[in-house]
Amino acid sequence: MKNKLKRFFGMMVITAAILTAFTGNLMIPAAGKAEETGQEEQPFLVQIAENDPSIAYVLVQTNGGAGLLPLPLEGEYKRTVRQVMDDGTEAVNVLHLTADGFWMEESNCPGHDCMEEGEVTLENREERILWNMVICLPHQLVAELLTREEAERMLSDGIR
Amino acid sequence: MRKETGKIALFGLLVALALILGLIDRAVPVSALLGGFIPGIKLGLANTVLLYAVYLMDWKSCVLLMLTKVVLSGLIFGSLNAILYSLAGGTLSLTVMLAVRKKPENAALGAAVLSGAALILILRRNPRPGGQMLIIAILTGLAGITGAVLWALMKFGPLRSILGTSLAGAVAHNVGQVLVASAVLHLPRLMTTYLPPLIGAGAAVGILTGLVTERVLAALRIHPETGKGGGKDEE
């Protein structure tokens, strides 16, 4: 029993050491810096104008508030979201919007799970694990793809 | 006196093991390897230590082990936020595992019912799932069937297994984490959207970690029912 215990824990330590050596970088990757585009950024909308031609919107919610970004009718654009978190650090997320959908292009969060969540489009949003959402948990940011009708309903019901 | 020393040594070993396995959990980017398939998931190897502990130690030591693991790994690798998430997952899964450790068949039944409910929620939202959701629906369905079969085998058959405990613990862990996430994000919708897939994934991982733990306990010749060493191999 004693020897087996010893052997078992010995094996665990060796496995851990090998895995550590294999994966190399175990620490959280250094925070990436979002690029400054220099251009004027798409403002967040808090209501949808009658003459707005967009068919879909990305609703971005953070602890600081919420707003809509229209999907471009053609082409693409990026929108940087900056927040100061409770611990004083700056949280930067860059959303990339195209005519079909959006994805999280950059984030200085640990883990970068939000960047791995892939693209949300009107076609795939019922088949994704997170449905229509991309969530950056450390930055408490939720971005979700809504049709125009859903966005209007959300605005009249009150966001969240 | 000797018994106490043994207990302390075992506790220390299990804490160290939990921390090492936690490091491996962080190092293996399961989510990225699966192409962001289920964001934020980990193998949960560190939680297998809690599962051994449930069968090796009394409940007070288990709680202390969980708290030590959560605080230490939070301080070493994570942030206060990370501590909050792992505390919620750890507390819920440990409570469930301690509650069912003597009756793993009930745990298997509970996990089967939860997986069934999750599958219904998934299919209600999208009756003809495709892509990722199809895989998750299949996984959740399989988890439900496995839970039900385990329950039947343990209740009416000869099977004595800790798989039920592991299954319930893994599912409870995910429920705890999503509860905190939906509270932090003020997004109660997560409970009906993200939780069902996580229940399916958790159940699948729970079965794997349960199998691992069962092999380990068998190798150490520890009898899961009594927690005493020297029993027969569980082959």
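Everything numeric here is computed off the predicted structure, so don't read it as measured data.

> Quick rundown of the pattern of salt bridges? Include the residues and the values.
Think of it this way: side chains of opposite charge can pair up when their charged atoms draw near. Taken as a whole, this structure holds 8 salt bridges over all chains when the rule is applied. The salt bridge partner of glutamate 90 of chain A is arginine 82 of chain A, with a shortest N-O separation of 3.6 Å. Since its relative accessible area comes to 38%, arginine 82 of chain A is described here as partly exposed. Among the salt bridges present, the one from arginine 189 of chain B reaches glutamate 144 of chain A, with a minimum N-O distance of 2.9 Å. Pair noted here: arginine 189 of chain B is in the loop between helix H8 (163–184) and helix H9 (190–193) and glutamate 144 of chain A is in strand E8 (residues 141–147), and the two residues belong to different chains. A residue is classified by how much of its surface remains accessible, and arginine 189 of chain B, at 30% relative accessible area, is partly exposed.

> Pulling in residues and values, what's your account of the nonpolar core?
Met133 and Ile135 of chain A together with Ile38, Ile136, Leu190 and Tyr194 of chain B are the most contacted members of the largest nonpolar core, which has 39 residues in total. Secondary-structure elements contributing two or more residues to this core are strand E7 (133–136) of chain A together with helix H6 (104–125), helix H7 (131–156), H8 and helix H10 (195–219) of chain B. Counting residues per element, this core draws most heavily on H8 of chain B, at 8 residues. If sequence neighbours within four positions are ignored, isoleucine 136 of chain B has contacts with Ile129 of chain A together with Phe37, Ile38, Ile122 and Pro197 of chain B.

> Give me the packing of aromatic side chains: which residues, what numbers.
Within the structure shown, the criterion is met by 1 aromatic pair over all chains. Measuring from centroid to centroid gives 5.7 Å for tryptophan 151 of chain B and phenylalanine 156 of chain B, while their planes differ by 80 degrees, and the two rings are edge-to-face. Residue class for tryptophan 151 of chain B comes out partly exposed when judged on its relative accessible area of 23%. Geometry around tryptophan 131 of chain A places arginine 125 of chain B over its ring, the cationic atom sitting 4.3 Å from the centre.

> Explain the pairing of E7 of chain A residue by residue, including any values.
Residue and element names in this part refer to chain A. Of the two faces of E7, both are covered, the one formed by Met133 and Ile135 as well as the one formed by Val134 and Cys136. Across 4 bridges, E7 lies against E8 in antiparallel orientation. By the bridge assignment, methionine 133 is partnered in E8 with glutamate 144. Adjacent in sequence and paired antiparallel, E7 and E8 are bridged by 4 residues, among which glutamine 140 carries a positive phi angle near 50 degrees.

> Would you mind going over the environment of leucine 98 of chain B in detail, with residue names and values included?
Residue and element names in this part refer to chain B. Residue placement: leucine 98 occurs in helix H5 (residues 80–100). Taking C-alpha positions, leucine 98 is 22 Å from glycine 200, a pair spaced 102 residues apart along the chain. Setting aside residues no more than four positions away along its own chain, leucine 98 makes contact with Val54, Trp59 and Cys62.

Rules and cut-offs
- Residues numbered from 1 in each chain as written.
- Chains lettered and ligands numbered in written order.
- Predicted model: local features only at pLDDT ≥ 70, side-chain atom pairs only at ≥ 80, totals over all residues.
- Heavy atoms only, no water.
- Salt bridge = Lys/Arg side-chain N within 4 Å of Asp/Glu carboxyl O.
- Buried < 20%, exposed > 50% of the residue type's maximum accessible area, 1.4 Å probe, protein only.
- Helix = DSSP H or I, 4+ residues; strand = E, 2+ residues; numbered from the N terminus.
- Core = buried A, V, L, I, M, F, W, Y, C linked by side-chain atoms within 4.5 Å.
- Contact = heavy atoms within 4.5 Å.
- Phe/Tyr/Trp six-rings, centres within 6.5 Å; stacked < 30°, edge-to-face > 60°.
- Lys NZ or Arg CZ within 6 Å of the ring centre and 35° of its normal.
- Pairing = 2+ DSSP bridges.

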